[in-house]
Amino acid sequence: MTGAGSGAGSGAGDVAGAGSGGSGTGFAAADRDPGLQPERTRLAWRRTTLSATVVAVLAAKQAIHDDVTAPGLVAAGLSALVWIGFLAVAHRRIQSLDATRPQALSHRGALLATASTVAFAGFAVAVLL
Amino acid sequence: MSDFVQSLRLWFAPRRLREQGETPDYRFSLANERTFLAWIRTALALIGGGFAVDQFLPDLRWGVRVGLALALLAAGVLCALRAVNHWVRCERAMRRGEDLPVSRFPTVLSLAVAVVALAMVVVVVFGWAGR
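Predicted model only: the values in this text are computed from it and were never measured.

(A) Examining the nonpolar core more closely. Ranked by internal contacts, the top residues of the largest apolar core, which has 52 residues, are Trp 45 and Phe 120 of chain A together with Phe 36 of chain B. Elements with a minimum of two residues in this core: α1 (37–63), α2 (70–96) and α3 (107–128) of chain A together with α1 (2–11), α3 (26–56), α4 (62–96) and α5 (105–129) of chain B. Setting aside residues no more than four positions away along its own chain, Phe 120 of chain A makes contact with Ala 52, Val 55, Ala 56, Ser 79, Val 82 and Trp 83 of chain A together with Leu 44, Ile 47 and Phe 51 of chain B.

So this is what it looks like as structure tokens:
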């Protein structure tokens, strides 16, 4: 799947074809998708982490509303944990996109992203009621 | 409904998905992934809206505020679950070479958002008139 010259480690001997692999970048021009699909997907993940950050900040603000209480602190801590988990998923995915022909998104990644979104909503309901 | 249960099973059985058909061009999978992420962002925005209704509209009556917030949060949860479901179904359709699944969900969601927005307008107008 990952052909020669994927990633940055283009050492001696794994030059993709004759005349390619110039000047340190691991990608031969012909290997790169002209539609920049991996880059667009990477940016989509970035946007999504930004949205998750906004929601996490709102959740923390909600949890420690007017007075700091123990359950409020626990809720804020939990939402921070969920946020960090989401960032970890996004980070892993962004790293795996750094290939010439990236694999499709794993089920685990998709389910974790969905689970953290649902968890935020769960906190919101818990704080509301 | 059995269709839904079948795709629900696919959520947790990536191997079964991988056994079907052929691996599509990676660009199609990435496009599917971006659609999934766009739906996740929509879900996050709805959930953020639920938080915001509760935090920034403290003058509303408790029932109205909690009702609106719960409606937004429920829409967000539905949107997130539907995102992963649609992603799995598109992935399967691409592997099998079938047509992509069609869905009523965008229409339902837009109608729900419109209803919530109208409710907000009514609440705000009557809130001002009441003062």
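(B) View of the side chain of Ser 116 of chain A. Residue and element names in this part refer to chain A. Along the chain, Ser 116 falls in helix α3. Here Ser 116 falls in the buried class, since its relative accessible area comes to 10%. A polar contact of 3.2 Å, which involves the side chain of Ser 116, links it to the backbone oxygen of Ala 113. Contacts of Ser 116, omitting those with residues within four sequence positions, involve Val 82 and Phe 86.

(C) Region of interest: empty space enclosed by the protein. Counted by the stated rule, this structure contains one cavity of 30 Å³ or more. Taken together, Ala 59, Ala 63, Ala 75, Ala 76, Ser 79, Phe 123 and Val 127 of chain A together with Phe 51 of chain B make up the lining of the largest cavity. Counting only elements with at least two residues in the lining of the largest cavity, the list comes to α1, α2 and α3 of chain A. For the lining of the largest cavity, the element with the most residues is α2 of chain A, which contributes three residues.

(D) Broad picture of the layout of surface pockets. Taken as a whole, the largest pocket holds about 580 Å³ of empty space. Residue lining of the largest pocket: 26 residues in total, with Gln 103, Ala 104, Leu 105 and Ser 106 of chain A together with Arg 18 of chain B positioned closest to the centre. Elements represented by at least two residues in the lining of the largest pocket include exactly α2 and α3 of chain A together with α2 (14–19), α3 and α4 of chain B. When residues of the lining of the largest pocket are assigned to their parent elements, the largest contribution, five residues, is made by α2 of chain A. Each residue belonging to the lining of the largest pocket can be placed in one class, and the counts come to twelve nonpolar, seven polar and seven charged.

Parameters and conventions
Residues numbered from 1 in each chain as written. Chains lettered and ligands numbered in written order. Predicted model: local features only at pLDDT ≥ 70, side-chain atom pairs only at ≥ 80, totals over all residues. Heavy atoms only, no water. Core = buried A, V, L, I, M, F, W, Y, C linked by side-chain atoms within 4.5 Å. Buried < 20%, exposed > 50% of the residue type's maximum accessible area, 1.4 Å probe, protein only. Helix = DSSP H or I, 4+ residues; strand = E, 2+ residues; numbered from the N terminus. Contact = heavy atoms within 4.5 Å. Polar contact = N/O pair within 3.5 Å; in protein donor to acceptor, adjacent residues only side chain to side chain. 1 Å grid on protein atoms, 1.4 Å probe; cavity = no way out; pocket = protein on both sides within 12 Å on 5 of 7 lines; lining within 4 Å. Points joined across faces, edges and corners; volume = space filled by probe spheres on them. Nonpolar A, V, L, I, M, F, W, Y, C, P; charged D, E, K, R; others polar.

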